[in-house]
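Fold and geometry: a report
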Amino acid sequence: MTKVTNSPLDVELHIPAHLDSVIAEVTSLYETEVAPREAALKHRLKDQSKFLDEQGRLHPEIISARREIMAASGAKNIYSAHLPESLGGRGLGREDMIYVEEHVYGYGVDLNPALLSWSEGATPRLLKAHPHQKEQFTDPLVKGLKTSLHGVTETGAGSNLYDMKTNAVRKGSDWVLNGTKAYITNYFDADVAQVLAITNPGGGRQAFTYFMFDTEEYFGKGYEIGQLYQTMFGDGYTGEIHFEDMVLPESAVLGEVNGGFDIAVMSFNYTRMRRAGMCSGWSKYLIEKTLERVKTRVVGGKPLGAKQGIQWMIADMYLDWQQTRSLSLDVARAIDTPGPWWNLPRPSDEVRRICSLKLSNDESFYRVADRALQIHGGLGVLRDTDINKLFQIARNLRIPGGTDEVQRTTIAETLGLRFN
Ligand SMILES: Cc1cc2nc3c(=O)[nH]c(=O)nc-3n(C[C@H](O)[C@H](O)[C@H](O)COP(=O)(O)OP(=O)(O)OC[C@H]3O[C@@H](n4cnc5c(N)ncnc54)[C@H](O)[C@@H]3O)c2cc1C
């Protein structure tokens, strides 16, 4: 489906004038780099069975189209606009990024998300990279020329980092890595791996270290790609990676030895904050598509949109979108005010706001997607419609990056309800 033009919702956006040129560049990138590739891949993108290869993995044609879009966006300095200029980004704060992200996601759910770096791209973990890692890792990731994976979760360690088993032990000047990481996005195609391991057992917050390495260099040398997970939204992109006596040099450490916990927290904060633009853009898209549908779908001689029950559902979708968007912009402003959000440690009231942002976005977007599907009736149930794809994605979003329950627990703890 294509983006709705002259949307009645555009009047709500209030994009600040200083972002006009960035938004224009995103629009131009969409028109020149994304839309033609979507048109060329039309049948694959609209049919889940063609979306994946014979093994159930994301199809190579889609992967290469995404990589081309990433590189084009990187060349225009949009892909990593969220990173500081010192790393090659634009230094946009969280508030500005919400406007940029919602514009990108407002195009729907095909190749457009590749315009912006996500968990497989240039994350703020690169702020912790050392000068010797710049040329091989930081620069190509920032420019969208390479992709990465983020290996934290294990089958026995998701919500609680302290349950982690993957470990790295010193051997001379090297580290020997053992363990398995589960539910890893981009697990089979990543050029770069950023993996968290225990290096100081029992060391509390000082127990963990990040390692960054080139996946191709270590394939068959203690590093293996494991099984694909068949997720409900059929992304063909999530699975396991294994380490068996994998030897890494000291130069593979990202940040400081035993300093990984804080980097992980920074990463989770980034993932959580990034929900705002994503869920706002997709909520707006779903409301627009639903408005279109109820004006043209005739039931008993009248448009579906004439029914009060349907009107109320749409009003609730609008309210969910607007309430959460306002909260997100407020949170982003509060985060931007003291300066770059990645400077640690952050005050607990900010942690609470970030968790509120993620929770509110995930749950309100899920309600919007659920109502959009309901109003589309049988059409919404068809697997290859955008409505259905976004409903599946919306359900998924409530798990990764910290579940709804983890957000609620953290909110409560920062309000003084921590008893250990
Ligand atoms: C599609 C997808 C992509 C992902 N990508 C990545 C990735 O790239 N890299 C990566 O490292 N991880 C990734 N993950 C993993 C994700 O971060 C974890 O699944 C998530 O943190 C939850 O961990 P878990 O699955 O082990 O659930 P569990 O921790 O087992 O939780 C199970 C249930 O118990 C609840 N629960 C847990 N602790 C508490 C508590 N203290 N109080 C109340 N309830 C609690 C949870 O909310 C949940 O409902 C991905 C997951 C998915 C689904």
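Remember, predicted model here, so these are calculated numbers, not experimental data.

Let's shift gears to the environment of Arg 37. By secondary structure assignment, the location of Arg 37 is in helix α1 (residues 20-40). Discounting residues that sit within four places of it in the chain, Arg 37 has contacts with Ala 65, Glu 68, Ile 69 and Leu 111.

Our focus in this paragraph is the side chain of Asp 189. Among the secondary structure elements, Asp 189 is positioned in the loop between β3 (174-185) and β4 (192-198). If we skip the residues at most four places from it in the chain, Asp 189 touches Ile 63, Arg 67 and Thr 147.

With that settled, consider the domain arrangement of the chain. Examined at the domain level, the chain breaks down into domain 1 (10-128), domain 2 (148-259) and domain 3 (263-414). On a C-alpha basis, the centres of domain 1 and domain 3 stand 19 Å from each other. Roughly 3100 Å² is buried in total at the junction of domain 1 and domain 3, and carbon and sulfur atoms are behind 62% of that figure. The interface formed by domain 1 and domain 3 holds six salt bridges in total. Notably, a salt bridge pairs Glu 101 with Arg 274, separated by 3.9 Å at the nearest N-O pair. Scanning the region where domain 1 abuts domain 3 turns up 17 residue pairs in polar contact (both at pLDDT 80 or more). Put simply, the parts of the chain that give the side of domain 1 that touches domain 3 at least two residues each are α3 (48-51) and α5 (94-105). In terms of residue count, α5 provides more of the side of domain 1 that touches domain 3 than any other element does, seven residues in total. When grouped by side-chain class, the residues that make up the side of domain 1 that touches domain 3 number 13 nonpolar, eight polar and 11 charged.

The next thing to look at is the environment of Leu 248. Relative to the elements of secondary structure, Leu 248 occurs in strand β7 (residues 238-249). Looking at Leu 248, the relative accessible area reads 1%, which means it is buried. Counting along the chain gives 30 residues from Leu 248 to Tyr 218, while the straight-line C-alpha distance between them is 9.0 Å. Beyond its immediate sequence surroundings of up to four residues, Leu 248 is in contact with Asp 174, Trp 175, Leu 177, Phe 211, Phe 213 and Tyr 218.

The next subject is the nonpolar core. Among the nonpolar cores identified, the biggest contains 121 residues, and Phe 211 and Phe 213 are the most heavily contacted of them. When sequence neighbours within four positions are dropped, the list of residues in contact with Phe 211 reads Ala 168, Trp 175, Leu 177, Ala 193, Gln 194, Val 195, Ala 197, Thr 199, Leu 248, Ala 252, Val 253 and Leu 254.

Turning next to the site of the ligand. Of all residues adjacent to the ligand, which total 16 residues, the nearest are Thr 153, Ser 159, Tyr 183, Thr 403 and Glu 405. Contacts to the ligand include Thr 153, whose side-chain N or O atom sits 2.6 Å from a nitrogen atom. With respect to the ligand, the side chain of Thr 185 contributes an N or O atom lying 2.9 Å from a nitrogen atom. Computed on the free molecule, the ligand has an accessible area of 980 Å², of which 64% lies beneath the protein chains in the complex. For the shell around the ligand, the secondary-structure elements that each account for two or more residues are β3 and α14 (404-414). Take the shell around the ligand: its biggest share by element is three residues, from β3. Here the shell around the ligand is composed, by residue class, of six nonpolar, nine polar and one charged. Both of domain 2 (148-259) and domain 3 (263-414) provide at least three residues apiece to the shell around the ligand.

About the criteria used
Residues numbered from 1 in each chain as written. Predicted model: local features only at pLDDT ≥ 70, side-chain atom pairs only at ≥ 80, totals over all residues. Heavy atoms only, no water. Helix = DSSP H or I, 4+ residues; strand = E, 2+ residues; numbered from the N terminus. Contact = heavy atoms within 4.5 Å. Domains from an automatic or database assignment. Buried area = accessible area lost by both parts, 1.4 Å probe. Salt bridge = Lys/Arg side-chain N within 4 Å of Asp/Glu carboxyl O. Polar contact = N/O pair within 3.5 Å; in protein donor to acceptor, adjacent residues only side chain to side chain. Nonpolar A, V, L, I, M, F, W, Y, C, P; charged D, E, K, R; others polar. Buried < 20%, exposed > 50% of the residue type's maximum accessible area, 1.4 Å probe, protein only. Core = buried A, V, L, I, M, F, W, Y, C linked by side-chain atoms within 4.5 Å. Near = heavy atom within 4 Å. Areas by Shrake-Rupley, 256 points an atom, 1.4 Å probe, with all protein chains shown as cover.

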